[in-house]
Amino acid sequence: MIKLDNINKSYVNGTSLHVLKGLNLRIEKGEFVAIMGASGSGKSTLLNILGILDTYDTGTYYLNDILIKDLSEKVAAEYRNRLIGFVFQSFNLISFKTAVENVALPLYYQGVGRKKRNEIAMEYLDKMGIADWADHLPSEMSGGQKQRVAIARSLVTSPQVILADEPTGALDSTTSIEVMEILKSVNREGMTIVMVTHDPDMAAMAQKIIRIKDGIIGSIEKV
Amino acid sequence: MNNIFDADRWREVWMSISRNKRRSFITAFGVFWGIFMLVVMLSAGNGLWTGITSQIEDVPYNACMIWTNSTTEAYMGFRKGRYWDMKQDDIAAVKAQFPEMDIVSPVMFANSTKLVRKDKTGSYNVKGLPATYPQIVAQNIYYGRYINEMDVLSKRKVCVLGKKIYDELFIPGENPIGEYIKVGGVNYQIIGVTDQIPTGINLNGRDGEAVAIPYSVVQQVYNRGDVVDMMMVTAKRGVTISDKEDEITALIRSRHSISPTDKFAVQVVDIEKIAQRFEKMAIGISLLTWLVGVGTLLAGAIGVSNIVMITVKERTKEIGVRRAMGAKPFSIISQIMSESLVLTVVAGFFGLAAGVGSMAVVSKILAANPSSGAFFQNPQMDFTTALVAALIIVVCGLLSGILPAWRALQIKAIDAIREE
């Protein structure tokens, strides 16, 4: 479902920094993949390219048989909205919106009416077990609750893949395991999940661990 | 999708404005003040315009005054620096030569003279005027009538008092008509009380502070013979006086052996030119008020732009998240622009209302205390100007949103959500 072929990416910032050096990767539908790697190995860059947040220089990237290359910002936004769900380390909820409004935000950009999208958002909050917190602001919630809201938000558009960037990085170990359990249960329902982490314990909860080394795939191990 | 009339969108806008109420308020105040000042200045300019035009609307545009001065050129055996007098004959000659002229009348001036009425006295200017005078300097008649042709021909010892003299020498409400008053030792019967309608044009002081007697009486009583101090000329409809001035003065020069090139000896004032000067002044003032007002408003709009810019900077992360969630460039632009627009428009219309309201109060106060000859009347904005002002507000709102919106567009989702 995700097909990366010979992806090259350099950052030119005074001197040129070659981050991804001809990376090839296949991720099948329904997989739960953990990407690990030392800092600077290119794992974040890879995730950004997967999330259509960043462009790549050469190679091809197919997401669900759609070539993701040289997209206009408008089309990229549309694809992000419909194909990808994001979960971030620092949650990235909008601080002045309630939980349900945050979850409904991607639907707002699809033009779904307010009543309809809040209904759908409530469904997903309920699924995450935090329906009671729907009308609370992020500042009134714990880290674990915020991440559940964020996961609900990533799921609300029924995307093709969830990209999770250190989803447990800001959480304590108990909460981390809870969040991982949620991700696993989401995966069990058929959702493809790609997670970047540097925590071996969290990576071990995925089905596959992909290690990035010097801009290419170092090793792939099945858990 | 993301329809302009979508209530959600405005809800988003309102949320981001109301999140920092004090900052939004201070910013909005800049625009409020700008449009308030614009309205006040435009209204004031309008008031000035109304005041000036109401004064010059009574001016006979097609009129000029001619009077004498010493010669500056030796001519036909006469030395330069010679004093000369216009004569009654000159009036007749101009009349005969220029049938296209309407009024050709003499005016006489006598020096400040003592007036005695019962136990009250005062010193006032005396003007010797023709019956046609009110056609050139319009008069408000408070009592009686003005000097007529019969008064002039029969050299009747009658006078028209200026309103101010009446106020000083008579009891308020007292009818002065038929009464006698001593002017420089000679008794005159009072036939009227008048004052000139203010035009900004005065002949030897204001009429309200002078005694008018028939010019023929001045010539006789003050031993001036057939001398004429000033000639007033108006042209008939369809004839422009300024085109004829040179011909008229040329005739006068030739009749008095004055060099044709001696401009100084024959003085001419064209009333139309004076009126034009007033009009130009009023136009200049109104231009200035627009300039300063729009400038103030622009400063306010730049303030809004600045604040929205800061807001954008502060919301880098939020905007980045929105983009990651699928916000299209247009929806980001329209959101930021809408914020600027709402802030500017709301503040602007409050400013407009406050400005119009306070000028309405000023108008009322001015109307309640009318002073004649006020150069400042009814300082209010007309509807078109208000519409233009409203349009300017909206344009300013859009303009002030452009830069922040552009800035917001530069925010890439990846920059915003990058973990530090």
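What you are looking at is a predicted structure, and each value in this text was computed from that prediction instead of being measured. (Residues numbered from 1 in each chain as written. Chains lettered and ligands numbered in written order. Predicted model: local features only at pLDDT ≥ 70, side-chain atom pairs only at ≥ 80, totals over all residues. Heavy atoms only, no water.)

So, the overall build of chain A
Next, step 1: Helix and strand content of chain A: 7 helices and 10 strands.
Next, step 2: Taking all 223 residues of chain A together, 56% fall into the buried category.
Next, step 3: Within chain A, contacts between residues at least 6 apart in sequence are counted, and of these 68% link residues at least 24 apart.
Next, step 4: Carbon together with sulfur atoms contributes 48% to the accessible area of chain A, which is approximately 9,500 Å² in total. (Helix = DSSP H or I, 4+ residues; strand = E, 2+ residues; numbered from the N terminus. Buried < 20%, exposed > 50% of the residue type's maximum accessible area, 1.4 Å probe, protein only. Contact = heavy atoms within 4.5 Å. Areas by Shrake-Rupley, 256 points an atom, 1.4 Å probe, with all protein chains shown as cover.)

Here we look at the overall build of chain B
Next, step 1: The helix and strand tally for chain B stands at 13 helices and 12 strands.
Next, step 2: Taken over 420 residues, chain B has a buried fraction of 50%.
Next, step 3: The long-range share in chain B, meaning contacts at least 24 apart out of those at least 6 apart in sequence, stands at 78%.
Next, step 4: If you sum the accessible surface of chain B, you get close to 19,800 Å²; carbon and sulfur atoms cover 61% of it.

Quick notes on the pattern of salt bridges
Next, step 1: A complete count under the given rule lists 26 salt bridges over all chains for this structure.
Next, step 2: Salt-bridge contacts for E178(A) lead to R148(A); the nearest nitrogen and oxygen are separated by 2.8 Å. In this pair, E178(A) sits in helix α6 (residues 173-188) while R148(A) sits in helix α5 (residues 143-155), placing the two residues 30 residues apart along the sequence.
Next, step 3: Taking the shortest distance from any N to any O, the salt bridge between R117(B) and E174(B) comes out at 2.7 Å. (Salt bridge = Lys/Arg side-chain N within 4 Å of Asp/Glu carboxyl O.)

Some thoughts on the interface of chain A and chain B
By a widespread convention, an interface's size corresponds to the accessible area lost as its parts come together.
Next, step 1: With 29 residues of chain A in contact, the opposing surface of chain B contributes 26 residues.
Next, step 2: Summed over both sides, the interface of chain A with chain B buries roughly 2,700 Å², with 58% coming from carbon and sulfur.
Next, step 3: Linking chain A to chain B there are 2 salt bridges.
Next, step 4: At the surface where chain A touches chain B, the tally comes to 5 residue pairs in polar contact (both at pLDDT 80 or more).
Next, step 5: Contributions of two or more residues to the side of chain A that touches chain B are made by α2 (73-83), α3 (99-108) and α4 (114-127) of chain A.
Next, step 6: Per-element accounting of the side of chain A that touches chain B gives the leading share, 6 residues, to α2(A).
Next, step 7: By residue class, the composition of the side of chain A that touches chain B is 10 nonpolar, 8 polar and 11 charged. (Buried area = accessible area lost by both parts, 1.4 Å probe. Polar contact = N/O pair within 3.5 Å; in protein donor to acceptor, adjacent residues only side chain to side chain. Nonpolar A, V, L, I, M, F, W, Y, C, P; charged D, E, K, R; others polar.)

What about the nonpolar core?
Next, step 1: Grouped together as the largest cluster of nonpolar side chains are 74 residues, with contacts concentrated most on I2(A), L4(A), L23(A), Y61(A), L63(A) and V194(A).
Next, step 2: For this core, the element with the most residues is helix α12 (residues 383-410) of chain B, which contributes 7 residues.
Next, step 3: When near neighbours in sequence (up to four residues on either side) are disregarded, L63(A) contacts M1(A), I2(A), I68(A), L83(A), I84(A) and V161(A).
Next, step 4: Counting residues in each nonpolar core, the second largest holds 42 residues, with I103(B), M108(B), Y124(B) and F170(B) among its members. (Core = buried A, V, L, I, M, F, W, Y, C linked by side-chain atoms within 4.5 Å.)

Some points on the packing of aromatic side chains
Next, step 1: A complete count under the given rule lists 9 aromatic pairs over all chains for this structure.
Next, step 2: Ring geometry for F29(B) against W33(B): centres 6.1 Å apart, planes inclined by 15°, an arrangement best described as stacked. Of this pair, F29(B) and W33(B) are both found in helix α2 (residues 21-56), 4 residues apart, which corresponds to roughly one turn of the helix.
Next, step 3: Overall, the relative accessible area of 41% leaves W33(B) in the partly exposed class.
Next, step 4: Through pairs of rings, three or more aromatic residues link up here, namely F29(B), F32(B), W33(B) and F36(B).
Next, step 5: One residue, K3(A), lies across the ring of Y62(A), its end atom 4.9 Å from the ring centre. (Phe/Tyr/Trp six-rings, centres within 6.5 Å; stacked < 30°, edge-to-face > 60°. Lys NZ or Arg CZ within 6 Å of the ring centre and 35° of its normal.)

Here's the deal with the sheet that holds strand β7 (residues 161-165) of chain A
Residue and element names in this part refer to chain A.
Next, step 1: Pairing within the open sheet is mixed, and its 6 strands lie in the order β6-β7-β8-β3-β9-β10. Of all the strands in the sheet, just β6 (84-87) and β10 (216-222) have a single pairing partner and so form its edges. The mean inter-strand angle of the sheet, taken between neighbouring strand axes irrespective of direction, is 20°. (Pairing = 2+ DSSP bridges. Axes fitted to C-alpha atoms, helices over the stretch in contact; angles between N-to-C directions.)

Some remarks on the packing of helix α10 (residues 316-324) of chain B against helix α11 (residues 329-368) of chain B
Residue and element names in this part refer to chain B.
Next, step 1: Here α10 crosses α11 at 145°, and the two axes come no closer than 10 Å. Between α10 and α11 the crossing geometry is right-handed. Of the residues in α11, those touching α10 at I319, R322 and R323 are P329, I332, Q335 and I336.
Next, step 2: For the contact of α10 with α11, the per-class residue count stands at 4 nonpolar, 1 polar and 2 charged. (Left-handed = near helix turned anticlockwise from the far one by under 90°.)

Re the sheet that holds strand β5 (residues 66-67) of chain A
Backbone hydrogen bonds hold the strands of a sheet together, and the pairing may be parallel or antiparallel.
Residues and elements named next belong to chain A.
Next, step 1: If you trace the 4 strands from one edge of the open sheet to the other, you get β2-β1-β4-β5, paired in antiparallel fashion. Here the strands that pair on one side only, and so sit at the sheet edges, are β2 (15-27) and β5.
Next, step 2: As defined by bridge partners, strand β1 (residues 2-13) adjoins β2 across 10 bridges and the pair is classed as antiparallel. Across the sheet, K9 pairs through a bridge with L20, a residue of β2.
Next, step 3: Across the sheet, helix α1 (residues 43-50) lies against β1, β2 and β4 (58-63), angled at about 115° from β1, the strand it touches most.

Topic: the environment of M65(B)
All names here are of chain B.
Next, step 1: Within the element layout of this structure, M65 appears in strand β1 (residues 63-68).
Next, step 2: With a relative accessible area of 3%, M65 lands in the buried category.
Next, step 3: Taking the C-alpha atoms as reference, M65 lies 9.7 Å from P106; in sequence the two are 41 residues apart.
Next, step 4: In this structure, M65 is in contact with I136, L203, M230, M231, M232, Q267, V268, V269 and I271, ignoring residues within four places of it in sequence.

Some words on α3(A)
Next, step 1: For α3(A), the tally of buried residues reaches 10 of 10 residues, placing the bulk of the element in the interior.
Next, step 2: Residues of α3(A) that are buried in the fold lie against α2, α4 and α5 of chain A together with α1 (7-18) and α10 of chain B.

A short note on a nonpolar patch on the surface
Next, step 1: On the surface, a nonpolar cluster with roughly 460 Å² of combined accessible area is contributed by F25(B), I26(B), F29(B) and W33(B).
Next, step 2: Judged by relative accessible area, F29(B) falls into the partly exposed class, the value being 40%. (Patch = residues over 30% accessible without salt bridge, like charges linked within 9 Å, V, L, I, M, F, W, Y side chains within 5 Å.)

Here's the deal with a negative patch on the surface
All names here are of chain A.
Next, step 1: Taken together, the side chains of E119, E123, D126 and D132 make up a negatively charged region of the molecular surface.
Next, step 2: Note that E123 resides in helix α4.
Next, step 3: Overall, E123 belongs to the exposed group, its relative accessible area being 53%. (Lys, Arg positive; Asp, Glu negative; His and termini not counted. Charge placed at Lys NZ, Arg CZ, Asp CG, Glu CD.)

Examining the environment of R80(A)
Next, step 1: Looking at the secondary structure, you find R80(A) in helix α2.
Next, step 2: Given a relative accessible area of 3%, R80(A) falls into the buried group.
Next, step 3: For R80(A), the side chain forms a polar contact with the main-chain oxygen of R323(B), separated by 2.9 Å.

Concerning the pairing of strand β6 (residues 158-162) of chain B
Residue and element names in this part refer to chain B.
Next, step 1: The buried fraction of β6 amounts to 5 of the 5 residues, a majority that puts the element mostly inside the structure.
Next, step 2: Judged from the 2 bridges that link them, β6 and strand β9 (residues 210-214) form a sheet pairing that is antiparallel. Directly across from V160, in β9, lies its bridge partner A212.

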